[in-house]
Amino acid sequence: VGTAQMGVPRVPRGSAPVTSLLSLAVTSEQIEHLHRRFKQLSQDQLTIRKENFDSIPDLEFNPIRGKIVHAFFDKRNLRQESDGLADEINFEDFLTIMSYFRPIEMNMDEEQLDRFRKEKLKFLFHMYDSDHDGKITLQEYRNVVEELLSGNPHLEKESARSIADGAMMEAASICVGQMGPDQVYEGITFEDFLKMWQGIDIETKMHVRFLNVDTIAHCY
Amino acid sequence: MEVVWAVGQVGAVWVAMVLGLIVVPSALGISLGISEAYMWVLVKTLEWATIRLQKGAKKQQPQMPPTPTANGIIERDETPMEKEIALLHGADFEFSHIFYFCRKGFEAIVEDEVTQRFSSEELLSWNLLTRTNVNFHYISLRLTVVWVIGVIVRYCFLLPLRFTLAAIGITSMIVGTTVVGQLPNSSVKNYLSEVVHLTCSRILVRALSGTIHYHNKENRPKKGGICVANHTSPIDAIILTNDGCYAMVGQVHGGLMGIIQRATVKACPHVWFERSEIKDRHLVTKRLREHVADKSKLPILIFPEGTCINNTSVMMFKKGSFEIGGTIYPVAIKYDPQFGDAFWNSSKYNIVSYLLRIMTSWAIVCNVWYLPPMVRKEDEDAVQFANRVRSAIARQGGLTELPWDGGLKRAKVKDTFKEEQQKNYSKMLVRNGSIG
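As annotated in an unreviewed UniProt entry, chain B carries the name GPAT3 acyltransferase and is attributed to Brachypodius melanocephalos. In its Sequence similarities (unreviewed entry) section, the UniProt record describing chain B reads: "Belongs to the 1-acyl-sn-glycerol-3-phosphate acyltransferase family." UniProt annotates chain B under Subcellular location (unreviewed entry) with the comment "Endoplasmic reticulum membrane".

As recorded in an unreviewed UniProt entry, chain A goes by Calcineurin B homologous protein 3 and comes from Brachypodius melanocephalos. In its Sequence similarities (unreviewed entry) section, UniProt records this for chain A: "Belongs to the calcineurin regulatory subunit family. CHP subfamily."

Right, dumping it as structure tokens:
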């Protein structure tokens, strides 16, 4: 990667969408914006740590803030071979995570769309599967529900549990069909997860779309 | 010997020119048209520069419709939470709910509305100042030449001129108010104090090459009222005093500022608080109330945001100013960032480097709108009244309104704020019968 400062790939200004080694079809303007944002979050360091996300007021509102921040450091999302959590990420990793949220392009064919969708769902799957064992168990799902409802002091743990149980039952019925009385549903695997999402179009919901910024506005 | 004499001559001519062309007209309140001519030349140059930049960029990419960047770089879906979650998959609690929060989280990480307001506004086109061009790309020789001329003009001609003017302005303010302060209290004293304040303000505005357009002058704050405005920089006060006299409110500082404060308070009843007094809210409110109750005293000037915001939005107004009572005269101030960025990013620049940046910009151009006076209604509390005034100011100035506290520049979100959102979500689930 040819770099100028802080590992930003040097691309010609205003060129057609860049498909760099990250297979990230984002324009160079957007990369620059993200880079500036990265510098802001990292306070001009080369890497970001979990603590740096504390400086975003908007994020404080979010009940699943913990999971979102966690997702940035999850090595499975960073496409690294090893497992577990990274301590810090650099700008390339940051872009890798952001690429899960890129919007659909007009010129994608069937196969690309399918891969696109799978990637986004995999990202979501990793959010639920906190122990990295490839299955979403009942306990993991309960954790997520509890986090989502964590703000309200009036809801007790029991309610969270019953929601989780209900949802898991529904998942089981979609994935496994009728279960016998002795069968134990171990957990939702990624294939089951994909099955659950069939027919629901997440590609248009799970993206962050950049506004078209005029090429002249390369100002501070 | 001869050299010294020659330098003395040049110095004398220089001072005479400054006095004659700038100071005297300021005292009399007339304009010789020099700044108008300067602005005209400046506008023409910047227009030309923009066209050249567009031509340069056109070769590389087809023209895209320009989008105002003041409100962010990503497209945000403004549908309320309930609607969006309902759309996702019925309102039952499902895996899909995590979508909504996930996406909101990512949007916040890419760009959050609050931190954005504490950095300078982005420009739509380069204004030939180095500081606004982070990636300086060579477009054409002519543009570079104009830029170099601009640098020379700004640093070698404008900066010394402005510095001289500022020095004259501040000195005359101190000297003038001290002299007037010696007089016994009378209408003559008030009149003279107003003259001194206005003249010095005008000199200082010229020191910044300020071009200010005042709108709706009939709504100008009257005596015994409270003037409330959005805050972008320390020079807001000078912008407003250029057109009227106000009683300032603030903390006593040391150094040059302290000298100015001590001098001016003799001539005109400004309200300066000691550092210890500021902490006592009741004391502050009491003193301000007394001042406002006296109808012969000048209107007080307050900036309720409490800190400098980058002039694209108006943040939460602190309710203290609205508990004093009396008539509120809202004022909206909007700077044109094309000619010079007036925003003071206090975490990035100290006051001296800020003033230096201001004095080496092209000019300070702004619009000031005087809004009709507002009074607190019977059934309103201070917070609602503050929000009403804020909306009026934001609407007039074309700024967005944010419910956030300007204090977030330095502190974290209050827990009470956080719980609100989470409560909303849980309430929604309960309502839709997924629970219990």
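From this point on, the discussion continues.
S.K.: Account for the overall build of chain B, naming residues and giving values.
M.R.: Tallying secondary structure elements over chain B gives 14 helices and 10 strands in all. Every one of the 436 residues in chain B was classed for burial, and the buried ones make up 48%. Taking all contacts inside chain B whose residues are at least 6 apart in sequence as the whole, residues at least 24 apart take part in 77%. Approximately 21200 Å² of chain B is accessible, and the part contributed by carbon and sulfur atoms is 63%.

S.K.: Can you lay out the sheet that holds strand 4 (residues 247-251) of chain B for me, pointing to particular residues and giving the numbers?
M.R.: Residue and element names in this part refer to chain B. Strand order in the open sheet formed by seven strands is 2-9-8-3-6-4-5, and the pairing between neighbours is mixed. In the strand order of this sheet, the two ends are held by strand 2 (210-215) and strand 5 (271-273), each with one partner. Across the sheet, the axes of successive neighbouring strands diverge by a mean angle of 25°, strand direction being ignored. With six bridges joining them, strand 2 and strand 9 (residues 364-370) adopt parallel strand pairing. Following the sheet pairing, I212 is matched in strand 9 by C366.

S.K.: Hey, could you go over the nonpolar core for me, with residue numbers and the actual values?
M.R.: Counting residues in hydrophobic clusters, the biggest one holds 56 residues, and the most contacted among them are A:F53, A:F72, A:F94, A:F123, A:F193 and B:I109. Mapped by element, the contributors of at least two residues to this core are helix 1 (28-42), helix 3 (65-73), helix 4 (91-98), helix 5 (110-128), helix 6 (138-148), helix 7 (157-175) and helix 8 (190-196) of chain A together with helix 4 (97-110) of chain B. Examining the composition of this core, we find that nine residues originate from one element, helix 4 of chain B, more than from any other. In contact with A:F72, not counting residues within four places along its chain, are A:F53, A:L78, A:I89, A:F94, A:I97, A:M98, B:F106 and B:I109. Among the nonpolar cores identified, the runner-up in size contains 30 residues, and B:C268, B:I324, B:F385 and B:A386 belong to it.

S.K.: With reference to specific residues and values, describe the confidence of the model for chain B.
M.R.: Here chain B averages 77 in pLDDT, and 77% of its residues register 70 or above. Low pLDDT, under 50, characterises residues 61-71 of chain B; the stretch is placed with 23 contacts to residues that sit more than four places away or in other chains.

S.K.: Before we move on, can you summarise the packing of aromatic side chains with the specific residues and values?
M.R.: Tallied over the entire structure, the rule returns 14 aromatic pairs over all chains. Aromatic pair A:F53 and A:F72: ring centres 5.1 Å apart, planes at 50°, arrangement tilted. Here the residue A:F53 occupies a position in the loop between strand 3 (48-49) and helix 2 (57-60), and A:F72 occupies one in helix 3, the gap between them amounting to 19 residues. With relative accessibility at 1%, the residue A:F53 sits in the buried group. Measuring from centroid to centroid gives 5.8 Å for B:W344 and B:Y354, while their planes differ by 35°, and the two rings are tilted. Taken together, the residues span a long stretch of sequence, with B:W344 in the loop between strand 8 (328-335) and helix 12 (351-359) and B:Y354 in helix 12 at a distance of 10 residues. Considered together, B:W344 and B:Y354 belong to a single accessibility category, that of buried residues. Here the aromatic cluster, defined as three or more aromatic residues joined through ring pairs, consists of A:F38, A:F53, A:F72, A:F73, A:F91, A:F94, A:Y100, A:F123 and B:F106. Above the ring of A:F190, the side-chain terminus of A:K122 is found at 5.1 Å from the ring centroid.

S.K.: Mind laying out the environment of A:R161, listing which residues take part and the relevant values?
M.R.: Within the secondary structure, A:R161 sits in helix 7. For the pair A:R161 and A:E146, spaced 15 residues apart in sequence, the C-alpha separation works out to 8.0 Å.

S.K.: How would you sum up a nonpolar patch on the surface? Please name residues and give values.
M.R.: Residue and element names in this part refer to chain B. Where nonpolar side chains cluster on the molecular surface, the patch consists of V13, M17, L21, L32 and I34 and spans about 450 Å² of accessible area. For the nonpolar patch, the leading source of residues is helix 1 (residues 2-28), giving three residues. Within the fold, L32 resides in the loop between helix 1 and helix 2 (34-58). Relative accessible area serves as the criterion here: at 49%, L32 is assigned to the partly exposed category.

S.K.: Any details on the pattern of salt bridges? Residues and values, ideally.
M.R.: In this structure the tally under the stated criterion is eight salt bridges over all chains. The residue A:K118 makes a salt bridge to A:D114 at a minimum N-O spacing of 3.7 Å. With a gap of four residues between them, A:K118 and A:D114 both fall in helix 5, about one helical turn apart. With a relative accessible area of 38%, A:K118 lands in the partly exposed category. According to the relative accessible area criterion, A:D114 is partly exposed, its value standing at 40%. Taking the shortest distance from any N to any O, the salt bridge between B:D294 and B:K297 comes out at 3.9 Å. Residue classification places B:K297 among the partly exposed positions, given a relative accessible area of 28%. Taken together, the salt bridges that share partners define one network made up of B:K217, B:R220 and B:D243.

S.K.: I'd like to hear about the packing of helix 1 of chain A against helix 4 of chain A, residue by residue, with values.
M.R.: All names here are of chain A. Packing of helix 1 against helix 4 brings their axes to within 11 Å, and their N-to-C directions diverge by 120°. By the criterion of interaxial angle, the relationship of helix 1 to helix 4 is oblique. Two packed elements cross with a definite hand, and for helix 1 against helix 4 that hand is right-handed. Contacts from I31, L34, H35, F38 and L41 of helix 1 reach helix 4 at F91, F94, L95 and M98. Grouping the constituent residues of the contact of helix 1 with helix 4 by class yields eight nonpolar, one polar and no charged.

S.K.: With reference to specific residues and values, describe helix 11 (residues 281-293) of chain B.
M.R.: The periodicity of an α-helix, 3.6 residues per turn, causes residues three or four places apart in sequence to face the same way. Residues and elements named next belong to chain B. Here helix 11 spans 18 Å end to end across 13 residues, near enough to the 18 Å set by a 1.5 Å rise per residue. Inspection of helix 11 places V284, T285, L288, H291 and V292 among the buried residues, and these make up the whole buried set. For helix 11, the buried positions fall inside an angular range of 125° around the axis, keeping them on one side. Facing away from the buried side of helix 11 by over 90 degrees, the exposed positions are H282, K286 and A293. Looking at the buried positions of helix 11, the neighbouring elements they touch are strand 3 (226-229), strand 4, strand 5, helix 10 (275-279) and strand 6 (300-302).

S.K.: Can you explain the environment of B:L19? Please cite residues and give values.
M.R.: All names here are of chain B. Tracing the sequence through the fold places L19 in helix 1. A residue is classified by how much of its surface remains accessible, and L19, at 38% relative accessible area, is partly exposed. Along the chain, L19 and L165 lie 146 residues apart, while their C-alpha atoms are 9.1 Å from each other. Apart from the residues within four sequence positions on either side, L19 is in contact with V24 and P25.

Rules used throughout
- Residues numbered from 1 in each chain as written.
- Chains lettered and ligands numbered in written order.
- Predicted model: local features only at pLDDT ≥ 70, side-chain atom pairs only at ≥ 80, totals over all residues.
- Heavy atoms only, no water.
- UniProt positions renumbered as here; feature names shortened; annotations may be inferred.
- Helix = DSSP H or I, 4+ residues; strand = E, 2+ residues; numbered from the N terminus.
- Buried < 20%, exposed > 50% of the residue type's maximum accessible area, 1.4 Å probe, protein only.
- Contact = heavy atoms within 4.5 Å.
- Areas by Shrake-Rupley, 256 points an atom, 1.4 Å probe, with all protein chains shown as cover.
- Pairing = 2+ DSSP bridges.
- Axes fitted to C-alpha atoms, helices over the stretch in contact; angles between N-to-C directions.
- Core = buried A, V, L, I, M, F, W, Y, C linked by side-chain atoms within 4.5 Å.
- pLDDT = per-residue confidence, 0-100.
- Phe/Tyr/Trp six-rings, centres within 6.5 Å; stacked < 30°, edge-to-face > 60°.
- Lys NZ or Arg CZ within 6 Å of the ring centre and 35° of its normal.
- Patch = residues over 30% accessible without salt bridge, like charges linked within 9 Å, V, L, I, M, F, W, Y side chains within 5 Å.
- Salt bridge = Lys/Arg side-chain N within 4 Å of Asp/Glu carboxyl O.
- Parallel < 35°, antiparallel > 145°, perpendicular 65-115°, else oblique.
- Left-handed = near helix turned anticlockwise from the far one by under 90°.
- Nonpolar A, V, L, I, M, F, W, Y, C, P; charged D, E, K, R; others polar.
- Expected span 1.5 Å × (residues − 1).
- Arc of directions from axis to C-beta.

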